[in-house]
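# Chains, contacts and geometry: an overview
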Amino acid sequence: MTWQQRFDPDNLIAAACEQAGCDDFGDTSSDQGWRSGLERVTDGLVNEARLSAIGVEVAYLDIIRALTSRLGVTAWRKEHPEIAAETITSPIFIVGQPRTGTTILYDLLAQDPELRAPLTWEVDAPCPVPQPETYQTDPRIAQTQATIEMSEQIIPGFLAFHPMGALVGQECVRITASEFTSMIFPVQYRLPSYAHWLMYDADHTGAYRFHRIFLQHLQSGVSGQWLLKSPAHLWQLDKLMAEYPDALVVQTHRDPLNVISSIAALTNHLRRMGSDETNIAECAAQSYEEIVVGLERGMAMRDKGVVPEGRMIDVQFTDFVKDPWRTIGDIYQKLGRELKPEAEQRMRDFLAAHPGDGGRGRYTWSDTGLDADEVRERVRDYQERYDVPTEVLK
């Protein structure tokens, strides 16, 4: 079998079913949704992604993991139908653009014992359902950590650029990957056709439906108020709120030009895992379109009242960097929550252990090949609306 044949959707589905020991992918009403997305991803991997030999293996495992995860969750739900009655109450979503402080904010808030973030190990290996007594010692943790550390061996410096860990909160795009309607794919791989479809034509209803199913699955073992994060939600606030009408939404704000250059550099770094043919300028062109569309779409959704004002919290990146504790205190006040001393101390300990490095010159605007004046004009309305300060370009 050639490597291209390995990415034939039928071959992938057969391999996943054999590995999972079952063949039910769940709700048939969304069948065409996930199957259509799978076909688009695999077509792009074969014809557009410029995969290296290692990239073929990495991408294949990514697709198989997404399929077997869906199969496993579906099978577990059939065996335990009571899971369908699990209630997701007032989930908190961090939805700021990439590289606007969302990750460190997410990690800090996740230190609160009363908040429940989906950890990387349980997102990557959700079956059997995680249990409270082994939540920090489950053997899947070591397996997931070993996989993460293998990424560092393939691309030295990868984890400094994009910190990851088995016991760290994972992004929602890793969950919606099983619906194959997820921004994780065009960030990790060069998939221009899929990226365009995802942004302009895809129906994300099925992705959010599966997202809820996945949360119910994890929550049936370890409960708590959900804390979730993905920049991709900003593009789909209407679908998010339709699925979770009592959601609380935190949007972080930063100068979009430094966001674009930073995410372009990160995207280029991620794509090096699977391709020897990637460059920052090409990644920057995609990032520019995605960032601008996301900001414009987010503003339009808020104008329509998709997210009630009382359920939306705005956070300035510059304020957060200057005084994270004041920012977190403000967030808790607006959430109507008490920041208990234990939670705050855990947050302080985490930040002391993960101080960050400010980017350390890993990206510069000149690498993007974009016209700063043109981009600045495109994002002017956004900056004025949310009083986002213009930063010195790195």
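A short tour of the structure in this document, coming up. If you're wondering where the values come from, they're calculated on a predicted model, not measured in any experiment.

Turning our attention to the layout of surface pockets. Size it by volume and the second largest pocket reaches roughly 470 Å³. Lining the second largest pocket are 20 residues, with Gln19, Arg65, Thr68, Asp124 and Ala125 positioned closest to its centre. Ranked by residues supplied to the lining of the second largest pocket, first place goes to helix H4 (residues 53-79) with eight residues. When its residues are assigned to classes, the lining of the second largest pocket shows nine nonpolar, eight polar and three charged.

Each pair of packed helices can be summarised by the angle the axes make with each other and by the distance between the axes. The geometry of helix H5 (residues 102-109) relative to helix H18 (residues 341-353) is characterised by a closest axis approach of 8 Å and an angle of 140° between their N-to-C directions. Comparing their axes, H18 and H5 come out oblique. Judged by residue contacts, Ile104, Asp107, Leu108 and Leu109 of H5 engage Met347, Phe350 and Leu351 from H18. Class assignment for the residues of the contact of H5 with H18 results in six nonpolar, no polar and one charged.

With that settled, the discussion passes to the pattern of salt bridges. Enumeration over the complete set of coordinates arrives at 23 salt bridges. For Arg6, the salt bridge identified is with Glu57, shortest N-O distance 2.9 Å. Remark: Glu57 occurs in helix H4 and Arg6 occurs in helix H1 (residues 3-6); sequence separation between them is 51 residues. Given a relative accessible area of 38%, Glu57 falls into the partly exposed group. With its nearest N and O atoms 2.7 Å apart, the salt bridge here joins Arg116 to Glu122. We classify Arg116 as buried; its relative accessible area is 4%. Each of the salt bridges in this network shares a partner with another, and the network as a whole consists of Asp10, Arg35 and Glu39.

Right, let's talk about the side chain of Glu391 for a bit. Within the secondary structure, Glu391 is located in the segment after helix H20 (380-386). Here Arg254 takes part through its side chain, which lies 3.2 Å from a polar atom of the side chain of Glu391. In contact with Glu391, not counting residues within four places along its chain, are Arg254, Asp255, Asn258, Phe317, Thr318 and Arg376.

In this structure, Ala202 sits in the loop between helix H11 (192-200) and helix H12 (205-219). Look at Ala202 and you get buried, because its relative accessible area is 15%.

So, on to empty space enclosed by the protein. Under the counting rule described, the total for this entry stands at three cavities of 30 Å³ or more. Reported here for the largest cavity is a volume of approximately 200 Å³. Every residue lining the largest cavity is counted, 18 residues in all, and those nearest its centre are Thr181, Met183, His204, Ala232 and Gln236. Where the lining of the largest cavity is concerned, the elements lending two or more residues are helix H9 (172-176), H11, H12 and helix H15 (280-303). Among the residues forming the lining of the largest cavity, the class breakdown is ten nonpolar, six polar and two charged. Considered as a void within the structure, the second largest cavity measures approximately 150 Å³ in volume. If you go around the second largest cavity, you meet 14 residues; those closest to its centre are Asp62, Arg65, Ala66, Arg174 and Ala177. When contributions to the lining of the second largest cavity are tallied by element, the ones reaching two or more residues are H4, helix H6 (120-124), H9 and helix H10 (184-188). Here the element with the most residues in the lining of the second largest cavity is H4; it accounts for four residues.

The rules behind each value
Residues numbered from 1 in each chain as written. Predicted model: local features only at pLDDT ≥ 70, side-chain atom pairs only at ≥ 80, totals over all residues. Heavy atoms only, no water. 1 Å grid on protein atoms, 1.4 Å probe; cavity = no way out; pocket = protein on both sides within 12 Å on 5 of 7 lines; lining within 4 Å. Points joined across faces, edges and corners; volume = space filled by probe spheres on them. Helix = DSSP H or I, 4+ residues; strand = E, 2+ residues; numbered from the N terminus. Nonpolar A, V, L, I, M, F, W, Y, C, P; charged D, E, K, R; others polar. Axes fitted to C-alpha atoms, helices over the stretch in contact; angles between N-to-C directions. Parallel < 35°, antiparallel > 145°, perpendicular 65-115°, else oblique. Contact = heavy atoms within 4.5 Å. Salt bridge = Lys/Arg side-chain N within 4 Å of Asp/Glu carboxyl O. Buried < 20%, exposed > 50% of the residue type's maximum accessible area, 1.4 Å probe, protein only. Polar contact = N/O pair within 3.5 Å; in protein donor to acceptor, adjacent residues only side chain to side chain.

Shape is all these values report; function is a separate question.
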